[in-house]
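# Fold and contact review
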Amino acid sequence: MYDMIIKGGTVVTAADTVVQDIAISNGKIVALGADLGEATQLIEASGKIITPGGIDSHCHIEQKSSSGLMTADDFYSASRSAAFGGTTTIIPFAAQHKGQSLYDVFDDYHRRATEKSVIDYAYHLIIADPTEAVMGEQLEAMIERGITSFKIYMTYESLKLDDYQILEVLFRARELQSLVMIHAENNDVIRWLTDKLLALGHSQPKYHAISHARIAESEATHRAISLAELLDTPLLIVHVSSAEATAEIRRAQERGLKIYGETCPQYLFLTAEDLDRDGMDGAMFCCSPPPRDQAAQDVIWRGLCNGTFEVFSSDHSPYRFDSSGKLAAGDNPSFDKIANGVPGLEIRLPMLYSAGVGTGRMSLNQFVAVTATNAAKMYGIYPQKGTIAVGSDADIVIWDSQRKVTLSTEMLHDEAGYTPYSGTQVTGWPELVLSRGRTVIANNELQVERGSGAYVHCGLSAYAIPSGKAVSELTPASNFGAKILGANNE
Ligand code: URP
Ligand code: ZN
Ligand code: ZN
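Bear in mind that the values here come from a model prediction, so they are computed numbers and not experimental data.

Turning our eyes to something else, we now look at the packing of aromatic side chains. Under the criterion given, the structure shown has 12 aromatic pairs. When the centroid spacing of 6.0 Å and the interplanar angle of 85° are considered together, the rings of Phe269 and Trp301 count as edge-to-face. Taken as a pair, Phe269 in helix H9 (residues 266–269) and Trp301 in helix H10 (residues 294–306) lie far apart in primary sequence, 32 residues in all. A ring pair is formed by Phe269 and Tyr421, whose centres lie 6.5 Å apart and whose planes are at 85°; its orientation type is edge-to-face.

Here we come to the pattern of salt bridges. On inspection of all chains with the given rule, the structure shows 29 salt bridges. A salt bridge links Asp163 to Arg223; the shortest N-O distance between them is 2.8 Å. One end of the pair, Asp163, is in helix H4 (residues 163–176); the other, Arg223, is in helix H7 (residues 214–231), with 60 residues separating them in the sequence. Classification of Asp163 by relative accessible area gives partly exposed; the value is 27%.

Time to look at the state of the cysteines. Following the criterion strictly, the structure yields zero disulfides and no others. Cys264 takes part in no disulfide bond, and the closest cysteine sulfur to it belongs to Cys287, at a distance of 8.2 Å. Free cysteine Cys305: the closest other cysteine sulfur is in Cys264, separated by 15 Å.

The next subject is the coordination of the zinc ion (ligand 2). Protein ligation of the zinc ion (ligand 2) involves Lys151 (NZ), His183 (ND1) and His239 (NE2), the donor distances falling in the range 2.1 to 2.2 Å. Mapping the donors of the zinc ion (ligand 2) onto the primary sequence gives the spacing K-x31-H-x55-H. A separation of 3.9 Å is found between the zinc ion (ligand 2) and the zinc ion (ligand 3). Of the two residues, Lys151 sits in strand E10 (residues 149–153) while His239 sits in the loop between strand E12 (235–237) and helix H8 (243–254), which places them 88 residues apart along the sequence.

Inspection of the sheet shows strand E5 (residues 49–52) paired to strand E15 (residues 396–406) by three bridges, in the antiparallel sense. Each bridged residue has a counterpart across the sheet, and for Pro52 the counterpart in E15 is Ile396. Across eight bridges, the pairing between E15 and strand E16 (residues 425–435) is antiparallel. Residue pairing in the sheet places Lys404 in a bridge with Thr427 of E16.

So, how was this worked out
- Residues numbered from 1 in each chain as written.
- Chains lettered and ligands numbered in written order.
- Predicted model: local features only at pLDDT ≥ 70, side-chain atom pairs only at ≥ 80, totals over all residues.
- Heavy atoms only, no water.
- Phe/Tyr/Trp six-rings, centres within 6.5 Å; stacked < 30°, edge-to-face > 60°.
- Helix = DSSP H or I, 4+ residues; strand = E, 2+ residues; numbered from the N terminus.
- Salt bridge = Lys/Arg side-chain N within 4 Å of Asp/Glu carboxyl O.
- Buried < 20%, exposed > 50% of the residue type's maximum accessible area, 1.4 Å probe, protein only.
- Disulfide = S-S within 2.5 Å.
- Donors = N, O, S within 2.8 Å, 3.2 Å for Na, K, Ca; no water.
- Pairing = 2+ DSSP bridges.

Listed below in structure tokens is the structure:
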């Protein structure tokens with residue numbers, strides 16, 4: 001006798017679409033097929049689409065920004081909001097600030113997530129202070145604890161690393177088979193443009209998009225790729241917004257480099273014009289890199305459908321539109337003083353389902369790949385997460401593909417207090433959400449207690465294995481290269 005059978009649904013994975021039953025016991029998928037037998041609970045799903053629960057592998061939760069602002073969501077409200085939108089695993093950042101030991105960073109985030117999250121969670125690490133101690137034994141200790149991916153920044157005064165430091169992180173990540181994620185924007189270009197714009201009296205939110213010029217993004221993307229190429233170290237360029245940065249990534253991939261890309265809803269559904277709304281309203285749309293234009297949206301869509309982008313994440317960065325968040329520097333702050341980021345945990349899957357699958361732009365299998373499976377593989381939690389297979393966790397979404405929803409602040413479950421997508425109509429919404437076989441969302445209500453999510457230990461990822469085909473002077477064939485990059489490269 002199984003705990004649960006989901007009967008007759010169309011089960012979609014990154015590879016297949018099959019009408020079959022799913023049997024679940026002890027939180028795991030234990031059988032797939034027809035006539036599976038008896039179960040304590042039977043769920044009739046004939047005619048319904050069933051996908052793996054989403055994995056949001058880029059979100060900022062209960063995180064202090066570089067300027068000291070706390071996000072509006074804690075692990076409870078963020079995980080609740082994610083679950084309503086069909087996401088069953090979150091991978092937010094455990095963020096180091098200068099001077100902090102990684103042990104303290106891990107303990108701090110882990111305590112808060114354990115107490116509050118209603119769905120499963122893992123972490124990436126933000127490295128802001130790559131001291132010898134951090135880069136040595138502390139990073140190894142984090143890998144033992146299950147953090148195998150590190151985000152670094154090329155911008156933000158208190159987070160940015162210079163090229164030398166980036167090389168040090170890439171080199172160490174290569175040794176540890178860990179994946180480096182990089183925020184690629186040229187800090188000096190942004191700073192210079194900001195100074196000039198402010199000197200001319202241009203302080204409104206729309207100038208945020210001008211100061212974060214496309215060239216600031218594409219130059220940094222090119223440079224980050226070059227540094228990764230020098231050391232033959234895999235690299236993920238996160239939250240890509242522009243056609244030019246997309247082209248840099250595509251070119252690197254075509255040359256056989258292990259360069260991966262990530263994009264987010266804001267780059268498919270918003271433009272820089274949104275930052276030019278009345279008064280300070282544009283502040284709600286300030287994120288970095290900023291949304292661009294319709295032509296860039298088209299390129300980002302293409303990149304998501306042709307595999308240039310491996311993962312589609314929310315970059316959920318919730319700051320309320322008040323003095324606790326976006327307007328912390330006053331009622332009328334200049335654009336450079338507005339907290340960066342937009343909320344998006346809950347709308348990520350439904351918006352892509354509607355505008356991607358619903359319009360025929362992408363297949364259901366592609367949808368599953370970019371919202372769940374690829375992230376699971378990239379961060380070393382596959383096949384526990386990210387697919388519907390015997391032995392996998394029963395993280396499952398049953399969709400109401402016909403449901404029409406008009407997005408509004410009131411119907412979402414985060415604490416940002418606004419949504420950039422207010423008024424957008426989507427077709428299709430998660431109807432039933434299971435996490436490890438537990439019913440998390442049913443009848444449009446949360447069914448589980450705070451703290452009932454579980455920690456997911458990330459393993460080393462195949463995505464982080466060097467290609468062995470360095471094309472710089474450090475080629476495996478050169479003695480010098482073999483010495484630096486290790487004999488395993490020969
Ligand atoms: O504007 C953004 N993206 N804020 C979140 C922090 C980051 O860099 O991802
Ligand atoms: Zn970033
Ligand atoms: Zn981010």
